[in-house]
Amino acid sequence: MEFPLSFGVAVVRWPFRDPHHAPLHFADCSCTWLCSFGVDRHLLARVCRRATRALMAAEKFAGRVAVITGGAGGIGCALARAFLRRGARVALADLDSEALDRALADLRGIGGEVVGVVTDVTSRESTRQLAEEVRRHFGAVHVVCNNAGVAVFGPLREARHEDWEFTMAVNFWGVVHGIETFLPWLIEQGAGGHIVNTASMAGLVGMEWLGIYSASKFAVVGLSEALYRELKPLGIGVSVLCPMMVDTRINENSVRLRPAALRAPGAEPVVPPAGAMQGSVIAPAEVAERVVRGIERGDFYILTHPEQRAILRRRAERLDRMFDPDLW
Ligand SMILES: NC(=O)c1ccc[n+]([C@@H]2O[C@H](COP(=O)([O-])OP(=O)(O)OC[C@H]3O[C@@H](n4cnc5c(N)ncnc54)[C@H](O)[C@@H]3O)[C@@H](O)[C@H]2O)c1
């Protein structure tokens, strides 16, 4: 017996006023009652679960307000496109005002509501002003993507103090400022929501030539794990995005946007040697689809490349080996 999706939605919706509070297992409870009318229990459970997920997924984006830092290009702009297509309203924040204008012109072609706010995530005050703009335009916030980031390459023995300061200011403090600014608002709103912090595969495995970048991204993974546990009881989701290589202009942007005060005197920007970076390069749009799915499913880790599996397994095995009795 086939049931239309809308029937499943109706079954799952009742008696919850807010579908975000409808537990998935409610579908099973509904089944017990409907089965007394001779309806196949397993089929009905499947239909109801699918309907619940579709309903919850739709309501994660439609009409919701998403704030995306580093939204003028690359992964951030792809996230904006994916969210707008699902009916979200979007605030794009970026330091690069020209790139922001170009992104807005492009995104407005999709339809929906999108605003741009020139923001420097390294500044707490600038991030606070971003929140004020979001409040003025939309009056609410539901999805916060702390995504702005820069990359600095080179062996740690050659790192300048300015490299550390520049990288940590954007990649670590940018995320902290986003959380400090938007989390109290999400909690006060009491309507759930989701925070996505962009880290990197370099935040899960230390990599040669990416020592400073890895340190900043490990920090993002660590704080995100803690945040996930703390916010779960409040109904606010947290994900950490950990991609390998994505086809963006991050290297050029990181050189171009580096403040003069944080340029090491006499130092030339370093490009990694061929072979230092392994794995396939994927499009930002593919990353964005994985983020959408991660938010919909409430995943904590959002991974993007199949080759990550073997690398992460090797790391886990190295840790696990330390418990072998002869080593312990
Ligand atoms: N491209 C990759 O291979 C890759 C891999 C793993 C993780 N990441 C991470 O993804 C995120 C997005 O990077 P991307 O690859 O799309 O690069 P990108 O350069 O296209 O996007 C980053 C954006 O951040 C903006 N930005 C830089 N400093 C800023 C600041 N102080 N305040 C506000 N905005 C600022 C830039 O103008 C740019 O638009 C970063 O956090 C990056 O570390 C990228």
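Scroll up a little and you will see the structure.
Note that the coordinates shown come from a computational prediction; the quantities given were computed from them, not determined experimentally.

S.K.: What am I meant to see in the environment of Asp 106 here?
M.R.: In this structure, Asp 106 sits in helix α5 (residues 97–108). Asp 106 sits in the partly exposed class, given 13 other C-beta atoms within 10 Å. In this structure, the C-alpha to C-alpha distance between Asp 106 and Arg 81, residues 25 residues apart in sequence, is 9.3 Å.

S.K.: Quick question: what am I supposed to make of the nonpolar core here?
M.R.: Most often, soluble globular proteins keep nonpolar side chains buried together rather than apart. Counting residues in each nonpolar core, the largest one holds 65 residues, and the members touching the most others are Val 67, Leu 79, Ala 80, Val 90 and Leu 92. Here this core gets 8 residues from one element, more than from any other, and that element is helix α4 (residues 74–85). Leaving out residues up to four positions away in the same chain, Ala 80 has contacts with Ile 68, Gly 71, Val 90, Leu 92, Leu 107 and Val 114.

S.K.: Looking at this model, I keep getting lost on the site of the ligand. Mind explaining?
M.R.: Close to the ligand lie 31 residues; Gly 70, Gly 74, Gly 149, Thr 248 and Ile 250 are nearest. Secondary structure elements with two or more residues in the shell around the ligand: α4 and α9 (250–256). Top element by residues in the shell around the ligand is α4. It accounts for 3 residues. By residue class, the composition of the shell around the ligand is 14 nonpolar, 13 polar and 4 charged.

S.K.: Got a minute to help me understand the environment of Tyr 213 in this structure?
M.R.: Among the structural elements, Tyr 213 can be located in helix α8 (residues 211–231). According to the C-beta neighbour criterion, Tyr 213 is buried, with 23 such atoms within 10 Å. Put simply, Tyr 213 and Thr 167 are 46 residues apart on the chain and 6.6 Å apart in space, counted from C-alpha to C-alpha. With near-sequence residues (within four places) excluded, Tyr 213 lies in contact with Ala 151, Val 152, Thr 167 and Ala 202.

S.K.: Even after reading the chapter, I still don't get the sheet that holds strand β2 (residues 89–94), so can you show me in this structure?
M.R.: Backbone hydrogen bonds are what pair the strands of a sheet, in a parallel or an antiparallel way. The sheet built from 7 strands is open, its strands ordered β3-β2-β1-β4-β5-β6-β7 with parallel pairing. The open sheet has two edge strands with one neighbour each: β3 (114–118) and β7 (301–303). Neighbouring strand axes in the sheet, compared pairwise and without regard to direction, differ in orientation by 15° on average. Relative to β3, β2 runs parallel, the two being bridged by 5 bridges. Looking at the pairing, Val 90 lines up with Val 114 of β3.

S.K.: What am I meant to see in α8 here?
M.R.: Side chains of residues three or four places apart in an α-helix project in the same direction, reflecting 3.6 residues per turn. Look at α8: 30 Å from first C-alpha to last across 21 residues, which is about the 30 Å you get at 1.5 Å a residue. Among the residues of α8, Gly 211, Ile 212, Tyr 213, Ser 214, Ser 216, Lys 217, Val 220 and Ser 224 are the ones counted as buried.

S.K.: What is the right way to read helix α11 (residues 308–321) from this model?
M.R.: With 14 residues, α11 should reach 20 Å at 1.5 Å per residue; the first-to-last C-alpha distance of 20 Å fits that figure. Counting buried positions along α11 gives 0 out of 14 residues, so the element sits mostly on the surface.

S.K.: I tried to follow the pairing of strand β1 (residues 65–69) on my own but got confused; where do I start?
M.R.: Both faces of the sheet carry side chains from a regular strand, because those side chains alternate between them. Within β1, 5 of the 5 residues are buried, leaving the element largely enclosed by the surrounding structure. The alternating pattern of β1 places Val 65, Val 67 and Thr 69 on one face and Ala 66 and Ile 68 on the opposite face, and all of these are buried. Alignment of β1 against β2, held across 5 bridges, turns out to be parallel. Within β2, the position partnered with Thr 69 by the bridge is Ala 93. In this sheet, strand β4 (residues 143–146) lies alongside β1 in parallel orientation, the contact comprising 3 bridges. Each residue of the ladder has a partner; that of Ile 68, found in β4, is Cys 145.

S.K.: Explain unusual backbone geometry to me, please; I cannot follow it from the model alone.
M.R.: Both trends apply: most residues other than glycine have a negative phi, and most peptide bonds are in trans. Positive phi values are uncommon outside glycine, yet Trp 209 reaches one of about 70°. Among the secondary structure elements, Trp 209 is positioned in the loop between β5 (194–198) and α8. You can call Trp 209 partly exposed: it has 19 C-beta atoms within 10 Å.

S.K.: Honestly, the pairing of β2 in this entry has me stumped. Any pointers?
M.R.: The buried fraction of β2 amounts to 6 of the 6 residues, a majority that puts the element mostly inside the structure. Covered by surrounding structure in β2 are Arg 89, Ala 91 and Ala 93 together with Val 90, Leu 92 and Asp 94, the residues of both alternating faces. Handedness of the β1-α4-β2 crossover: right-handed. As for the winding sense of the linkage, the β-α-β connection from β2 through α5 to β3 is right-handed.

The rules behind each value
- Residues numbered from 1 in each chain as written.
- Predicted model: local features only at pLDDT ≥ 70, side-chain atom pairs only at ≥ 80, totals over all residues.
- Helix = DSSP H or I, 4+ residues; strand = E, 2+ residues; numbered from the N terminus.
- Buried ≥ 20, exposed ≤ 12 C-beta atoms within 10 Å, placed from the backbone.
- Core = buried A, V, L, I, M, F, W, Y, C linked by C-beta atoms within 7 Å.
- Contact = placed C-beta atoms within 7 Å.
- Near = placed C-beta within 6 Å.
- Nonpolar A, V, L, I, M, F, W, Y, C, P; charged D, E, K, R; others polar.
- Pairing = 2+ DSSP bridges.
- Axes fitted to C-alpha atoms, helices over the stretch in contact; angles between N-to-C directions.
- Expected span 1.5 Å × (residues − 1).
- Right-handed = clockwise from strand over helix to strand, strands pointing away.

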